[in-house]
Amino acid sequence: MAMAMTIRNAASRRAMNPISADFSLRSMSSWWKNVEPAPKDPILGVTEAFLADPSPDKVNVGVGAYRDDNGKPVVLECVREAERRIAGSSFMEYLPMGGSVKMVEETLKLAYGDDSEFIKDKRIAAVQALSGTGACRLFADFQKRFCPGSQIYIPVPTWSNHHNIWRDADVPQKTYHYYHPETKGLNFSGLMDDVKNAPEGSFFLLHACAHNPTGVDPTDEQWREISQLFKAKKHFAFFDMAYQGFASGDPARDAKSIRIFLEDGHHIGISQSYAKNMGLYGQRVGCLSVLCEDEKQAVTVKSQLQQLARPMYSNPPLHGAQIVSTILGDPELKSLWLKEVKIMADRIIGMRTTLRESLEKLGSPLSWEHVTKQWANTKTG
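Residues numbered from 1 in each chain as written. Predicted model: local features only at pLDDT ≥ 70, side-chain atom pairs only at ≥ 80, totals over all residues. Heavy atoms only, no water.

Under an unreviewed UniProt entry, the name given to the protein chain is Aspartate aminotransferase, and the source organism is Eutrema salsugineum. As stated in UniProt under Sequence similarities (unreviewed entry), the record for the protein chain gives "Belongs to the class-I pyridoxal-phosphate-dependent aminotransferase family." Check the Cofactor (unreviewed entry) section of the UniProt entry for the protein chain; it says "pyridoxal 5'-phosphate". (UniProt positions renumbered as here; feature names shortened; annotations may be inferred.)

Laid out in structure tokens, this is it:
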């Protein structure tokens, strides 16, 4: 009976105001009419094509994920042991907005150094982030909110998602020279000219090591020159360190660029990720840190980073943070992790060497020196 009355009332309303009813139905049916398919992601789109290809000889050259000789994902032994230790944990509560305090503490040591004065003086505002992507996005939003008239200088080329991140944070972008296609090396003079010509106090995105996608890194001496020019121009350096340990096999060695900037007195920002160096791709665990003037400023900056995170994802995930803090907080497991990182890096270096030698043996007229040159820079630069 009630349903019949509802139908009659609705019909009566449409009869009284047919234009309004017709407009409402039209509007509801066309809400998403103008939505076009999104373009394929240049990296993840390759993986989609790989998964759809039935060929048994296919090779995925998309996402940079470590694989064994059979093309299978690798779970590190230190990760397996950490999983065993935290299995059955009764703690499944929300983490604080800033994430796992223990994980953040251990992560800062990897970037700033075990005996860092900045850590001791509590001058670093740091929060757990959703891997490197999340850390970059959180910083981009922080930059937009508190330096609204600023822009970000991004190297050419760079990881394609960098452009998406700062674009969606509504931060204007400019580019600076980095890779030299003819020499297949660093365009150092072009880089330095762009840094010099940028307006004073500009923001620059720097790859701390294992530049993505070129694999070309400045030498230590070049990093020192870059740092000095940044200091003269009062630029802000934001380091994306997605591959710490993968370039040389030594996480401390791969943080050299950051240490040089710290020694020169810069206040910097850092994005860190455990996707590559712990194989925690799907756990989305990383860290964003900003070096501040003093402890009071660090507390203030952290509060604002947490405020930005709250409407994005509220709290970061627990499990990946537990794995990282368990490994880095235990000397035995950390030692095992360092050993496994070096094994992975050495294998990558060895594969580069084999690739170059094979191409040269096949009589390729091109120079393949750049394939192994990155490794030489991380060792001797």
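This part takes up the pattern of salt bridges. Applying the stated criterion to the full structure yields 15 salt bridges. One network of salt bridges, in which partners are shared, links Glu81, Arg84, Arg85 and Asp330. (Salt bridge = Lys/Arg side-chain N within 4 Å of Asp/Glu carboxyl O.)

Attention now moves to the nonpolar core. Tyr112, Phe239, Phe261, Tyr274, Ile327 and Trp337 are the most contacted members of the largest nonpolar core, which has 66 residues in total. The dominant element in this core, judged by the number of residues it contributes, is helix H5 (residues 101-112), at 6 residues. Sequence-distant contacts of Tyr112, defined by excluding residues within four places in its chain, comprise Phe118, Ile119, Ile124, Arg259, Leu262, Ile270, Ser289, Val290 and Leu291. Grouped together as the second largest cluster of nonpolar side chains are 29 residues, Ile152, Ala169, Leu205 and Leu305 included. (Core = buried A, V, L, I, M, F, W, Y, C linked by side-chain atoms within 4.5 Å. Buried < 20%, exposed > 50% of the residue type's maximum accessible area, 1.4 Å probe, protein only. Helix = DSSP H or I, 4+ residues; strand = E, 2+ residues; numbered from the N terminus. Contact = heavy atoms within 4.5 Å.)

Moving on: the pairing of strand E8 (residues 269-273). Regular strands place side chains that alternate from one sheet face to the opposite one. In terms of burial, E8 is a largely internal element, 5 of the 5 residues being buried. Judged from the 4 bridges that link them, strand E7 (residues 236-241) and E8 form a sheet pairing that is parallel. What sits directly across from Phe238, in E8, is Gly269. For E8 and strand E9 (residues 286-291), the ladder comprises 5 bridges, and the chain directions are antiparallel. Within E9, the residue paired with Gln272 across the bridge is Cys287. (Pairing = 2+ DSSP bridges.)

A few words now on unusual backbone geometry. Leave glycine aside and you will find that most residues have negative phi; peptide bonds, for their part, are mostly trans. Look at the link from Val156 to Pro157: it is a cis peptide, with omega at 0°. The residue Pro157 is located in the loop between strand E2 (152-156) and helix H8 (160-168) in this model. Here the bond from Asn212 into Pro213 is cis, since omega is 20°, no more than 30 degrees from zero. Counting through the fold element by element, Pro213 comes out in the loop between strand E6 (203-207) and helix H10 (220-233). With a phi angle near 60°, Ser131 is a residue other than glycine that sits in the positive phi range. The phi dihedral of Arg284 falls on the positive side, at around 55°, and the residue is not glycine. With respect to the helices and strands, the residue Arg284 is situated in the loop between E8 and E9.

With that settled, consider the layout of surface pockets. Roughly 410 Å³ of internal volume is contained in the second largest pocket. Looking at the second largest pocket, it is lined by 20 residues, and the ones nearest its centre are Val104, Glu105, Leu108, Ile124 and Lys302. Listing elements by their share of the lining of the second largest pocket, those giving two or more residues are H5, helix H6 (117-120), strand E1 (124-129) and helix H13 (295-312). Residue composition of the lining of the second largest pocket, by class: 11 nonpolar, 3 polar and 6 charged. (1 Å grid on protein atoms, 1.4 Å probe; cavity = no way out; pocket = protein on both sides within 12 Å on 5 of 7 lines; lining within 4 Å. Points joined across faces, edges and corners; volume = space filled by probe spheres on them. Nonpolar A, V, L, I, M, F, W, Y, C, P; charged D, E, K, R; others polar.)

With that settled, the discussion passes to the pairing of E6. The buried count for E6 comes to 5 of 5 residues, which makes it a mostly enclosed element. Residues Phe203, Leu205 and His207 of E6 are buried on one face, and the alternating residues Phe204 and Leu206, pointing to the opposite face, are buried as well. As paired strands, E2 and E6 are joined by 2 bridges and run parallel to one another. Note that in E6 the partner of Ile152 across the bridge is Phe203. Pairing of E6 with E7, which is carried by 5 bridges, proceeds in the parallel orientation. Bridge assignment links Phe204 to a residue of E7, and that residue is Ala237. Viewed along the sheet, the connection from E6 through H10 into E7 turns out right-handed. (Right-handed = clockwise from strand over helix to strand, strands pointing away.)

Looking now at the sheet that holds E2. Strands sit in the order E1-E9-E8-E7-E6-E2-E3 across an open sheet of 7 strands; the sheet is mixed. At either end of the open sheet lies a strand with only one pairing partner, and these are E1 and strand E3 (173-177). Averaged over all neighbouring strand pairs, the angle between strand axes comes to 25°, with direction disregarded. The strands touched by H10 within the sheet are E6 and E7, with E6 carrying the most contacts at an inclination of about 165°. On the sheet, H13 packs against E1 and E9 and is oriented at approximately 25° with respect to E1. (Axes fitted to C-alpha atoms, helices over the stretch in contact; angles between N-to-C directions.)

Another point: the packing of aromatic side chains. Scanning all chains against the criterion turns up 15 aromatic pairs. With a centroid separation of 4.3 Å and 15° between ring planes, the pair formed by Phe139 and Phe238 is classed as stacked. In this pair, Phe139 sits in helix H7 (residues 131-146) while Phe238 sits in strand E7, placing the two residues 99 residues apart along the sequence. A residue is classified by how much of its surface remains accessible, and Phe139, at 2% relative accessible area, is buried. The class for Phe238 is buried, based on a relative accessible area of 0%. Ring geometry for Phe230 and Phe261: centres 5.5 Å apart, planes at 80°, overall edge-to-face. A residue pair is termed long-range when its members are at least 10 positions apart, and Phe230 in helix H10 and Phe261 in helix H12 (residues 256-263) qualify at 31 residues. Judged on exposure class, the residue Phe230 and its partner Phe261 are both buried. Put simply, the rings of Phe139, Phe142, Phe146, Trp166, Phe203, Phe236 and Phe238 touch in pairs and so form one group of aromatic residues. The cationic tip of Lys58 hangs over the ring face of Phe50; the distance from NZ or CZ to the ring centre is 4.5 Å. (Phe/Tyr/Trp six-rings, centres within 6.5 Å; stacked < 30°, edge-to-face > 60°. Lys NZ or Arg CZ within 6 Å of the ring centre and 35° of its normal.)

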